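# Survey of secondary and tertiary structure
Residue-level listing of the chains:
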Amino acid sequence: EKRVRSGASQCMVVRCRRPPLQGGLALMNGRTALPWRQQELEALRRCEAEAEAHVAAGRTDAAAELFDRALCLRLRLLGATHESLPAAAEVLTRTSNHAASFELRRARGGPGSPELRRAELRLQRTLALLAEVSAGARAGARAAASAPLGEVSL
């Protein structure tokens, strides 16, 4: 069971079980749809596009949540060693830091304020995702270093 945080976005992905498959295609509301992987790749693209629109509108808090979801989808779909992860993680990091900074400036009520707690949770989540991406990058580098070299002619 994998749950992604709830939000107002259309690219919310919560899956407990996959719907029944028919010939490799998922059934949604009784209609045949795209294969699961293709559906999830489309959800990834929609999340990133919506996040970029939020950044352009100055809503970095909403954009950070969407980039978070997109990075989770990217990790799950493409694997922890995929070459696109560091750039996606950098975008999430910048957006999340900006959103947390804005939330901290708005924080009222001291240490127990909801804004402070929201910023703390956002940064913790971002750090956890960065650790996962970093571990995947290290694993990919180790695998590449241990791969046998091809013949070299002099």
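### Concerning the environment of Ala-139
With respect to the helices and strands, Ala-139 occurs in helix α4 (residues 114-146). When its relative accessible area of 29% is taken as the criterion, Ala-139 is described as partly exposed. Ala-139 sits 59 residues away from Ala-80 along the chain, and the two C-alpha atoms are 8.4 Å apart.

### Focus: the nonpolar core
In terms of nonpolar packing, the biggest core is built from 20 residues, with Leu-71, Leu-129 and Val-133 touching the most fellow members. Those elements that provide at least two residues to this core are α1 (36-56), α2 (60-78), α3 (85-106) and α4. Here this core takes 9 residues from α2, the largest share from any one element. Aside from chain neighbours lying at most four places away, what touches Leu-71 is Leu-85, Ala-88, Ala-89, Leu-92, Leu-129 and Val-133.

### Describing the packing of α2 against α4
Where α2 contacts α4, the axes come no closer than 11 Å and their chain directions differ by 25°. Here α2 lies roughly parallel to α4, going by the angle between them. Helix-helix and strand crossings are classified by hand; for α2 and α4 the assignment is left-handed. Taken together, the residues of α4 that come into contact with α2 (itself represented by Asp-61, Ala-64, Glu-65, Asp-68, Leu-71, Cys-72 and Leu-75) are Arg-122, Arg-125, Leu-129, Glu-132 and Val-133.

### Some thoughts on the side chain of Thr-60
Relative to the assigned elements, Thr-60 resides in helix α2. The class for Thr-60 is buried, based on a relative accessible area of 12%. Apart from the residues lying within four places of it in its own chain, the contact partners of Thr-60 are His-54, Thr-95, His-98 and Ala-99.

### Comments concerning the packing of α3 against α4
Packing of α3 against α4 brings their axes to within 9 Å, and their N-to-C directions diverge by 165°. Taken together, the axis directions place α3 and α4 in an arrangement best described as roughly antiparallel. In the packing of α3 onto α4, the handedness of the crossing is left-handed. Counted together, Leu-85, Pro-86, Ala-89, Leu-92, Thr-93, Ser-96, Asn-97, Ala-99, Ala-100, Glu-103, Leu-104 and Arg-106 of α3 and Glu-115, Leu-116, Arg-118, Ala-119, Arg-122, Leu-123, Thr-126, Leu-129, Leu-130 and Val-133 of α4 form the full contact between these two elements. Looking at the contact of α3 with α4 residue by residue, the class counts come to 13 nonpolar, 4 polar and 5 charged.

The rules behind these values
- Residues numbered from 1 in each chain as written.
- Predicted model: local features only at pLDDT ≥ 70, side-chain atom pairs only at ≥ 80, totals over all residues.
- Heavy atoms only, no water.
- Helix = DSSP H or I, 4+ residues; strand = E, 2+ residues; numbered from the N terminus.
- Buried < 20%, exposed > 50% of the residue type's maximum accessible area, 1.4 Å probe, protein only.
- Core = buried A, V, L, I, M, F, W, Y, C linked by side-chain atoms within 4.5 Å.
- Contact = heavy atoms within 4.5 Å.
- Axes fitted to C-alpha atoms, helices over the stretch in contact; angles between N-to-C directions.
- Parallel < 35°, antiparallel > 145°, perpendicular 65-115°, else oblique.
- Left-handed = near helix turned anticlockwise from the far one by under 90°.
- Nonpolar A, V, L, I, M, F, W, Y, C, P; charged D, E, K, R; others polar.

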